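# Architecture at a glance
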Amino acid sequence: MSRTLLTLSLAVLAVAGLAPVAVMILRVVQDPAALQGLLDERTLSLLGRTLLLGGGAAGLALLVGAPFGYLTARTDLPGATWLRSLGLVPLIMPPLLLAVSWTVLVPQLRGAPMTILLMGLSTFPIVALFTAKAARRVDGRREEAALLSGGLSGVLRMEFGLLLPAALSGTCFAFLFAASDFAVPDFVSSVGRKFNVYADEVFATWQVNGSDSRAVATALPLVVLILAALLPALALRRRGTLATLDSDFVAPRTLSLGSWRWPLGLAAWGLITLGALIPVGRMLFEAGGGPSGWSVYKFQAAFGKAIDLCRDNLLASLGYSILAATLALPVALVLGHAIARWRHGWFLEMLCVLPLAAPAILFGIGNIAVWNGTYTYAFYTSGGMVVVLYIGRFLAFPTLISASAVASMDRELEQAAELAGASPMRRMARIVAPALLPSLMGGWILMFVLAMRELDTAILVPAANDTVMFRMFNAVHFGRDDFVAALALLILFVTIVPGVLWRLFSGKELEVLP
Amino acid sequence: MTDNNRSAISARGLRTRLGASANLGPLDLELAVGEHALLVGPSGCGKSSLLRILAGLLPTESGDISLFGQEVSRGSKTLLPPRKRGIGFLFQGGALWPHMNVAAHLNFVLRCAAIAPAEWDARRAELLTQVGLEGFEDRRPGTLSGGEAQRLGLARALAPRPRLLLLDEPLGPLDAERRTSLLELFENLRRRLDLTILHVTHDPAEASSMTDRTLHMRADGTLAGENNT
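Okay, so let's go over this structure. (Residues numbered from 1 in each chain as written. Chains lettered and ligands numbered in written order. Predicted model: local features only at pLDDT ≥ 70, side-chain atom pairs only at ≥ 80, totals over all residues. Heavy atoms only, no water.)

## A closer look at helix α1 (residues 3-30) of chain A
Residue and element names in this part refer to chain A.
- Across its 28 residues, α1 extends only 35 Å between first and last C-alpha, which sits more than 12% below the 40 Å expected from 1.5 Å per residue.
- Of all the bends in α1, the largest measures some 55 degrees and sits at leucine 18, one to four residues before the proline proline 20.
- Residues Leu6, Ser9, Leu13, Ala16, Gly17, Leu18, Pro20, Val21, Met24 and Val28 constitute the buried set of α1. (Helix = DSSP H or I, 4+ residues; strand = E, 2+ residues; numbered from the N terminus. Expected span 1.5 Å × (residues − 1). Bend = angle between axes of the 7 residues up to and from the residue. Buried < 20%, exposed > 50% of the residue type's maximum accessible area, 1.4 Å probe, protein only.)

## What to know about unusual backbone geometry
Residues and elements named next belong to chain B.
- If you check the backbone angles, glutamate 169 has positive phi at about 45 degrees while not being a glycine.
- Positionally, glutamate 169 belongs in the loop between β8 (164-168) and α6 (176-193).
- A positive phi angle, close to 60 degrees, is found at aspartate 194, a residue other than glycine.
- Its location among the elements puts aspartate 194 in the loop between α6 and β9 (196-201).
- We classify aspartate 194 as exposed; its relative accessible area is 55%.

## Quick look at the layout of surface pockets
- If you add up the space inside the second largest pocket, you get close to 1400 Å³.
- Residue lining of the second largest pocket: 36 residues in total, with Arg341(A), Trp342(A), Arg411(A), Leu57(B) and Pro59(B) positioned closest to the centre.
- Breaking the lining of the second largest pocket down by element, the ones donating at least two residues are α12 (296-341), α18 (411-419) and α19 (424-435) of chain A together with β1 (7-17) and β6 (77-78) of chain B.
- A class-by-class count of the residues in the lining of the second largest pocket yields 13 nonpolar, eleven polar and twelve charged. (1 Å grid on protein atoms, 1.4 Å probe; cavity = no way out; pocket = protein on both sides within 12 Å on 5 of 7 lines; lining within 4 Å. Points joined across faces, edges and corners; volume = space filled by probe spheres on them. Nonpolar A, V, L, I, M, F, W, Y, C, P; charged D, E, K, R; others polar.)

## Examining the interface of chain B and chain A
- Contact residues are listed per partner, giving 22 residues for chain B and 15 residues for chain A.
- For the pair chain B and chain A, the summed buried area comes to about 1800 Å², and 65% of that belongs to carbon and sulfur atoms.
- Between the two partners, chain B and chain A, sit one salt bridge.
- A salt bridge links Glu412(A) to Arg52(B), with the shortest nitrogen-to-oxygen separation between them at 2.3 Å.
- Along the contact surface separating chain B from chain A lie four residue pairs in polar contact (both at pLDDT 80 or more).
- Elements with a contribution of two residues or more to the side of chain B that touches chain A: α2 (47-55), β7 (87-90) and α3 (102-112) of chain B.
- When residues of the side of chain B that touches chain A are assigned to their parent elements, the largest contribution, four residues, is made by α3(B).
- A class-by-class count of the residues in the side of chain B that touches chain A yields 15 nonpolar, three polar and four charged. (Contact = heavy atoms within 4.5 Å. Buried area = accessible area lost by both parts, 1.4 Å probe. Salt bridge = Lys/Arg side-chain N within 4 Å of Asp/Glu carboxyl O. Polar contact = N/O pair within 3.5 Å; in protein donor to acceptor, adjacent residues only side chain to side chain.)

## Here we look at the side chain of Thr60(B)
All names here are of chain B.
- With respect to the element layout, threonine 60 can be found in the loop between α2 and β4 (62-67).
- A relative accessible area of 7% means that threonine 60 is categorised as buried.
- Contacts of threonine 60, omitting those with residues within four sequence positions, involve Leu14, Arg15, Thr16, Ile53, Ile65, Ser73, Gly75 and Ser76.

## Examining the side chain of Thr467(A)
Residues and elements named next belong to chain A.
- Among the secondary structure elements, threonine 467 is positioned in the loop between α21 (456-460) and α22 (468-478).
- Looking at threonine 467, its side chain comes within polar contact range of the main-chain oxygen of alanine 464, at 2.8 Å.
- Leaving out residues up to four positions away in the same chain, threonine 467 has contacts with Asn313, Ser317, Tyr320, Val386, Tyr390 and Ala458.

## Topic: the sheet that holds β4(B)
All names here are of chain B.
- In space, the five strands of this open sheet follow the order β2-β1-β4-β5-β6, with antiparallel pairing throughout. Only two strands of the sheet have a single neighbouring strand rather than two, namely β2 (23-32) and β6.
- Taken together, the four bridges between β4 and strand β5 (residues 70-74) define a ladder with antiparallel strand orientation. The residue of β5 that forms the bridge with serine 66 is glutamate 71.
- Lying on the sheet, α2 is in contact with β1, β2 and β4; it crosses β2 at an angle near 65 degrees. (Pairing = 2+ DSSP bridges. Axes fitted to C-alpha atoms, helices over the stretch in contact; angles between N-to-C directions.)

## Thoughts on the pairing of β8(B)
Residues and elements named next belong to chain B.
- Burial runs high along β8: five of the five residues are buried.
- Side chains Leu164, Leu166 and Asp168 project from β8 onto one buried face, and the interleaved Leu165 and Leu167 project onto a second face that is buried too.
- Two elements, β7 and β8, share four bridges in a ladder whose sense is parallel. If you follow leucine 90 over to β8, its bridge partner there is leucine 167.
- Pairing of β8 with β9 involves five bridges; the strand directions are parallel. Residue leucine 166 lies in a different strand from β9, and its bridge partner there is leucine 198.

## Side note on the pairing of strand β3 (residues 36-40) of chain B
Residue and element names in this part refer to chain B.
- The buried count for β3 comes to five of five residues, which makes it a mostly enclosed element.
- Burial along β3 is two-sided: the residues His36, Leu38 and Val40 and Ala37 and Leu39 are all buried.
- Taken together, the five bridges between β3 and β9 define a ladder with parallel strand orientation. Within β9, the position partnered with valine 40 by the bridge is threonine 201.
- Relative to strand β10 (residues 213-217), β3 runs parallel, the two sharing four bridges. Residue pairing in the sheet places alanine 37 in a bridge with arginine 213 of β10.

## So, the pattern of salt bridges
- In this structure the tally under the stated criterion is 17 salt bridges over all chains.
- Taking the shortest distance from any N to any O, the salt bridge between Arg261(A) and Asp76(A) comes out at 3.8 Å. Here Asp76(A) lies in the loop between α2 (41-74) and α3 (80-86) and Arg261(A) lies in helix α11 (residues 261-287), a separation of 185 residues in the sequence.
- The class for Asp76(A) is partly exposed, based on a relative accessible area of 22%.
- Glu126(B) is the salt-bridge partner of Arg123(B), the closest N and O atoms lying 3.3 Å from each other. One end of the pair, Arg123(B), and the other, Glu126(B), are both in helix α4 (residues 120-131), three residues apart, so they sit about a helical turn from each other.
- Residue classification places Glu126(B) among the partly exposed residues on the basis of a relative accessible area of 33%.
- Put simply, Glu187(B), Arg190(B), Arg191(B) and Asp212(B) are held in one network by salt bridges that share partners.

## Some remarks on the environment of Ala99(A)
Residue and element names in this part refer to chain A.
- On the secondary structure map, alanine 99 appears in helix α5 (residues 95-105).
- Residue alanine 99 is classed as buried on the basis of its relative accessible area, which comes to 0%.
- Remark: the alpha-carbon pair of alanine 99 and phenylalanine 347, spanning 248 residues in sequence, is separated by 37 Å.
- The contacts of alanine 99, once residues within four sequence positions are left out, are Leu118, Val184, Phe187 and Val188.

Put into structure tokens, the structure is as follows:
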């Protein structure tokens, strides 16, 4: 490993990811009074609701995501290829857009049930991806032995223990996304019965009191909750999806579902209908005039208006997201390599995921505390701030994807290059990076998608107020339905373009798992 | 000339930990320049680890290693990094780079060895002729047979003109005919290129007819003794 590369990468992690967290911790240390009332009745009630949201959404994601991932990856389910691609749509779609669609379709369902349902729908693809990856790593000979002795149920019994760690790891990540989300609980609670969760409270505390330390103190239980989900997620990830394939690995064959093929196929298509087709269909309907009468003219007009009014926001979001993903990629490769190859890589892994443990709202407040100063004000108000914000927030994902890919790569490929005289930098550029291209592209695309759909931090940091998701957030509350729907479809279209292009032109599966 | 100057490998008091319950050594190892030695022992005894230690890919806890008279490690301290030890290494599984074709494999090594690009074509052709892979320049590892892949691994190991060749179970996946052919190739190359070869296998019969000496390793990671052939 090149020390120069590693030092530079650690510097990026420290400045963009760890400094905002460290500053926030420092604020609480300097103001212990902020910790008063940390365990009062109101805080405990919020904690309970956040646990209910995170646990409920993660449970739902596990319940539908694990079978969906297995069936689409390994069986002859009707339209499995399409289901695999469409199954990513709920993850790519900003959860707020899912909320906008479903609250209109089922207006009577609000509060906790709707919020849990929406976050479960939004996060089930994570569990599905983890399960699918583990399912593709089962050795074909092992599976055939189980098939001979017990048929399909024998295979499922044998593989249950192999797939469970991966599915649970995905569930922990689903919990992380659901428990720290601000926009969906906020939007769902904007009408009818309130369902306030921690992320709401942290934002409100900071906005009302203007006190960083109080906001951080309020968020501490949530940080502990998310850390409690992240630690098992990382441990399970190693056991579930990271297992290095043996050199004589035999890929498993597609399993025949027999008479279960069509019923299970219908169930899978039903899930995709709920998570992707209905929300997108509803947006298409609204963009063309909705209940007042759908027409092509209105549809074109809504898109024309969305493009006219939000072109700059869309371009700004695209620019920030592309730049953040591109700059983060080499850093993620170096850090991921160190995590996978160092004896104490777990420590670096913990440092990398620390920014994820802070709720997005808190991470945004941390960035304000770090960068909103006399000497850094010019940067704080520039687009560079948004890029740094995104890198700091999401660097963990491409880093974990790289670490996973490096861990699965035969170490001898690098050793052969080392013996040939290749410098660490050349080994990284010519041997490691090309061999891990699908994973690196997966990391880039995941980072791009997360940056494009990021809203929570964008609400706080003024430089990010020109992003298209911020515009969308305002439009959802104050704009016309056709405009909101057209803008939502535009965002969705732009967000899926890189993944679609990769699939069309590379012919390879993306590795998008942390 | 000192003893060390006649030795290709001189290792004394070598010892390292290979895992929670496995150790290598303590052991002493001497290999003369130009010698072809076979190292045999049961699976998991540390044969491959010994090769990696000699190449500098695994650290030692104690003991000294000299290659061709130059001290390369002392105790746990590395004095000469792997890329400067003049070693060619043929890995057990080939360790071929899946994204590079045959020509790119060799070009990569020639570039690392600081050989002028103008000489690459000639040197590449020479290497491919030596290992019997003429006409394979555009083929990727995934399209090569087991024997061809091992030959490419051998060409890559020979590209920087090493003096010492370490072979880690090079015949494992091959059938009897290809095994014999590859063994003859090792022996021819040793004579023509003046190489010293340390050849690891778990099958004592594998190459004993073509090697000068057979070293036996015990399951506990120590050397048991040797036979001269």
